[in-house]
Amino acid sequence: MVKARNFISALMSAMSNCSLYSKDHAAVDEFSRKSLAILENILRESDNFEIMIIEDDLIINKTSFKEIGLQVDNLKKRLKRKGISCIEFLPGVTFKELRQCIPEILEFDKKITVFPHIKIGVLDIQLEEAKTEDDFGSDDISDFLFKQIEHINEIFKDISSAQQISIPRLNQVIGNFVSAFRKKTNVLNLLSHAKSREEYTYIHATNVSALSIFQMRTLGVKESLFLRDMGIAGLLHDVGKLFISEEILGKRGALEEKEWAIIKLHPLYGARFLSSIKGLPRLAPIVAFEHHLKYDGQGYPELQVCREKQNICSQIVAISDCFDALRSTRPYQKGLEIKEILPIMEKDTARGFNPFLLENFMRRMGKELHVFC
Ligand SMILES: [Fe+2]
Ligand SMILES: [Fe+2]
């Protein structure tokens, strides 16, 4: 971490000189060279050097950077202002690339160049509501759900095979769920059961998405754009698992300690991947990163920095996630009935969930169940 700290310090000095004087000032050259020398040194021992900003955390090469100082704070502010969530430096990075990207990061309205050895992930803030064709019309609810699940399966296949997400398709399918709720569809009608481990990935994602939109609505949020962002974040919360081997994910029997350690990296893998996709809501990597943190500060990834509590949307997804995990049948567990799940989750209040959100979820779910039966 000493080299990382020195690199950030030199980089921030280059940025400060750039904004204080001009982008062509000699001091910017000097500190850019200094940062490059440190970076080259780091990249001699590593395949990449990565800086990520997730909510208030600075993550450097998969480890949360515990140092809180003016320069770290300034770096976070600069990157956040520009909407940058991730910068990856690769071996071969040149002075020209580093020198060019520094002013581009600082200038708010300047587009960032695509560099061969510096990959910069920028998340879009979507100001306009996406135009989604309302797919929820005369269809029977089970036909509607079947169609959406087909789309979601395709979205997950694209992620696995090409590490890509079709944003229009994603907006469309989650927009359809938002429309379904607007038409007062019972959330229980939008949940399904996976028949195999392969199906579990995208069926669980679909269920968590629907449950999270449902929670948002019951909390009084009616704005379609917010609901859609919530649905997208819920859908992609576990996307990091697609970067973990099937051997570990599908293992029958108890996991070894080192296998658990790998599974626990999925929030970080997910946040890193989602940060690199242009056009996703900011909420998606935040929720992916935080969905296994607990309300009392426990959980994982273990953070070594003081920070504000989990984002409220991550708290919502944590409830949806646990609920769906308990109702799903998996190799090591038979799915529970909803009536059995609610008391189990209630007992967990002190440890795991935001009590206000959980109480709301239980009450509203109880109502849905009553209407459904
Ligand atoms: Fe997860
Ligand atoms: Fe999950």
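Fair warning: this is a prediction, and the values are worked out from it, not measured in the lab. (Residues numbered from 1 in each chain as written. Chains lettered and ligands numbered in written order. Predicted model: local features only at pLDDT ≥ 70, side-chain atom pairs only at ≥ 80, totals over all residues. Heavy atoms only, no water.)

### Here's the deal with helix 8 (residues 224–235)
Put simply, the rule reads: The secondary structure listing takes helices from DSSP runs of H or I that are at least 4 residues long and strands from runs of E that are at least 2 residues long, numbered from the N terminus. Given the number of residues in a helix, its expected span is that number minus one, multiplied by 1.5 Å. Contacts: residue pairs with any heavy atoms within 4.5 Å of one another.
With 12 residues, helix 8 should cover 16 Å at 1.5 Å per step; its first-to-last C-alpha distance of 16 Å lies within 8% of that length. Here the buried face of helix 8 lies against helix 5 (141–162), helix 6 (167–182), helix 7 (197–218), helix 12 (283–290) and helix 13 (312–327).

### Considerations on the coordination of the iron ion (ligand 2)
Put simply, a metal with four donors set out as a tetrahedron has ideal angles of 109.5 degrees, and one with six donors set out as an octahedron has ideal angles of 90 or 180 degrees. Put simply, the rule is: Note: metal donors comprise N, O and S atoms at 2.8 Å or less from the metal (3.2 Å for Na, K and Ca); water molecules are not included, so apparent gaps in a site are possible. Think of it this way: with four donors and all angles in the 85 to 135 degree range, the site is tetrahedral; with four or six donors, opposite ones beyond 155 degrees and the rest between 65 and 115, it is square planar or octahedral; otherwise it is irregular. To sort residues, take the accessible area from a 1.4 Å probe on protein chains only and compare it with the maximum for the residue type: under 20% means buried, over 50% means exposed, and anything in between is partly exposed.
At the metal site, the iron ion (ligand 2) is ligated by His 204 (NE2), His 237 (NE2), Asp 238 (OD) and Asp 321 (OD), and these contacts range over 2.1 to 2.3 Å. Around the iron ion (ligand 2), the 4 donor atoms are arranged such that angles at the metal cover 76 to 179 degrees; this shape is classified as irregular. One chain supplies every donor for the iron ion (ligand 2), spaced along it as H-x32-H-D-x82-D. A spacing of 3.9 Å is found between the iron ion (ligand 2) and the iron ion (ligand 1), which share Asp 238 as a donor. Placement of His 204 in helix 7 and of His 237 in the loop between helix 8 and helix 9 (246–249) is noted, with a sequence separation of 33 residues between them. Judged by relative accessible area, which is 4%, His 204 ranks as buried.

### With respect to the nonpolar core
To keep it simple, the criterion reads: Buried Ala, Val, Leu, Ile, Met, Phe, Trp, Tyr and Cys residues form a nonpolar core when they are joined through side-chain atoms within 4.5 Å.
Counting 62 residues, the largest nonpolar core has Ile 165, Leu 236, Phe 323 and Met 365 as the members making the most contacts within it. For this core, the element with the most residues is helix 7, which contributes 9 residues. When residues no more than four places from it in sequence are discounted, the contact partners of Phe 323 are Leu 191, Leu 211, Ile 338, Ile 341, Leu 342, Met 345, Phe 361 and Met 365. Grouped together as the second largest cluster of nonpolar side chains are 37 residues, Phe 7, Leu 79, Ile 87 and Leu 106 included.

### Comments concerning the coordination of the iron ion (ligand 1)
The iron ion (ligand 1) binds to the protein through Asp 238 (OD), His 266 (NE2), His 291 (NE2) and His 292 (NE2), with metal-donor distances spanning 2.1 to 2.2 Å. Classification of the site at the iron ion (ligand 1) as irregular follows from its 4 donor atoms and the range of 88 to 178 degrees in their angles at the metal. Expressed as a motif, the donor residue spacing for the iron ion (ligand 1) is D-x27-H-x24-H-H.

### Considering the packing of helix 12 against helix 13
Short version of the rule: Each axis is a line fitted through C-alpha atoms, and for a helix only the stretch in contact is used; angles between axes span 0 to 180 degrees, taken between their N-to-C directions. By the definition adopted for this analysis, an angle is roughly parallel if under 35 degrees, roughly antiparallel if over 145, roughly perpendicular if from 65 to 115, and oblique otherwise. By convention, the crossing between two helices is left-handed when the near helix turns anticlockwise from the far helix through less than a right angle, and right-handed when the turn is clockwise. Residue polarity is assigned by list, with Asp, Glu, Lys and Arg as charged and Ala, Val, Leu, Ile, Met, Phe, Trp, Tyr, Cys and Pro as nonpolar; anything else, Gly included, falls into the polar class.
It is at 9 Å that the axes of helix 12 and helix 13 come closest, and there the two elements cross at 55 degrees. By the angle class used here, helix 12 and helix 13 are oblique. The element helix 12 and its partner helix 13 pack so that their crossing is right-handed. The segment helix 12 lies against helix 13, with Leu 283, Ile 286, Val 287 and Glu 290 engaging Cys 313, Ser 314 and Val 317. Class assignment of the residues belonging to the contact of helix 12 with helix 13 gives a composition of 5 nonpolar, 1 polar and 1 charged.

### Let's talk about the environment of Ile 8
Among the secondary structure elements, Ile 8 is positioned in helix 1 (residues 2–20). Excluding anything up to four places from it in sequence, Ile 8 contacts Leu 58, Ile 60, Phe 65 and Leu 75.

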